[in-house]
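# What the coordinates show
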Amino acid sequence: QVQLVESGGGLVQFGGSLRLSCAVSGSIFSISAMGWYRQAPGKQRELVATITSGGSTNYADSVKGRTTISRDNAKNTVYLQMNSLTPEDTAVYYCNSKLRITAVQTIRNYWGQGTQVTVSS
């Protein structure tokens, strides 16, 4: 059974930084893209950043320039480093992984349980 376990959320002061981690565990054949999404109260879930297995990255305009996504393929772990945080970054952050459990299976989407990030003004 595949599990995505996030860590690193919490309360951060305006202008501060945080680092989120997400470890993928279970019986996995391969992981392609990994990423982070967030959902603020009353809003739809939105993309924060993604990274391919080859290391290509994509960022939402709202976080570009102050956010870095990275991954450790040996540990099946993806990280999100965010700086210069503002209250607009307050949301539940979800880890996402597109992976195959077996060589013949199609790529499926998996989500973590979410971790709350609150930025105080």
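Residues numbered from 1 in each chain as written. Predicted model: local features only at pLDDT ≥ 70, side-chain atom pairs only at ≥ 80, totals over all residues. Heavy atoms only, no water.

### Overview of the nonpolar core
Quick note on the threshold: The nonpolar core is taken to be a set of buried Ala, Val, Leu, Ile, Met, Phe, Trp, Tyr and Cys residues, with the residues joined through side-chain atoms within 4.5 Å. Working definition: with a 1.4 Å probe on protein chains only, accessible area under 20% of the residue-type maximum means buried, over 50% means exposed, and in between means partly exposed. In this text, helices come from DSSP runs of H or I with a minimum length of four residues, and strands from runs of E with a minimum of two, each type numbered from the N-terminal end. Residue contacts are defined here by distance: any two heavy atoms, one from each residue, within 4.5 Å place the two residues in contact.
Residues W36, I69, V78, L80 and Y93 are the most contacted members of the largest nonpolar core, which totals 29 residues. Looking at this core, the elements that each hand over two or more residues are β3 (18–25), β4 (30–39), β5 (46–51), β8 (77–82), β9 (91–100) and β11 (115–120). If near-sequence neighbours (up to four positions away) are discounted, Y93 is found in contact with E6, L20, W36, Y37, R38, V48, L80, M82, G114, T115 and V117.

### Some remarks on the state of the cysteines
Our working definition: Cysteine sulfur pairs qualify as disulfides if the two atoms are within 2.5 Å.
What the rule picks out here adds up to one disulfide. Across the disulfide from C22 sits C95; the S-S distance is 2.1 Å. Taking the sign of the S-S torsion, -85 degrees for the link of C22 and C95, the bridge is left-handed. Within this pair, whereas C22 is found in strand β3, its partner C95 is found in strand β9, the two being separated by 73 residues in sequence.

### Concerning the packing of aromatic side chains
Going by this rule: Ring geometry is summarised as follows: Phe, Tyr and Trp rings, the Trp one being its six-membered ring, pair when their centres sit within 6.5 Å, and such pairs are stacked at plane angles under 30 degrees, edge-to-face over 60 and tilted between the two. Comment: the charge-over-ring label is applied if NZ (Lys) or CZ (Arg) is within 6 Å of the ring centre and within 35 degrees of the ring normal.
One pass over the structure, following the stated rule, counts one aromatic pair. Here the basic side chain of R19 rests over the ring of Y79, its NZ or CZ set 4.2 Å away from the ring centre.

### Overview of the sheet that holds β8
By definition, the strands of a sheet pair up through backbone hydrogen bonds, in either a parallel or an antiparallel sense. Worth spelling out the cut-off: Two strands form a pair only when DSSP identifies at least two bridges running between them. Angles shown run from 0 to 180 degrees and are taken between the N-to-C directions of axes, each axis being a line fitted to C-alpha atoms and, for helices, limited to the stretch in contact.
A sheet is described by the order of its strands in space; here four strands give the open sequence β1-β3-β8-β7, paired in antiparallel fashion. Each edge of the open sheet is held by one strand with a lone partner, namely β1 (3–7) and β7 (67–72). Each strand axis lies, on average, 15 degrees off the axis of its neighbour in the sheet, ignoring direction. Bridge analysis of β1 against β3 gives five bridges, and the strand direction is antiparallel. Within β3, the residue paired with Q3 across the bridge is S25.

### Concerning the pairing of β11
Where burial is concerned, the two faces of β11 differ: the one with T115, V117 and V119 is buried and the one with Q116, T118 and S120 is not. As defined by bridge partners, strand β2 (residues 10–13) adjoins β11 across four bridges and the pair is classed as parallel. Among the inter-strand pairings, G10 is bridged to a residue of β11, identified as V117. Sheet analysis places β9 next to β11, joined by three bridges and oriented antiparallel. The partner of Y93 across the bridge, within β11, is T115.

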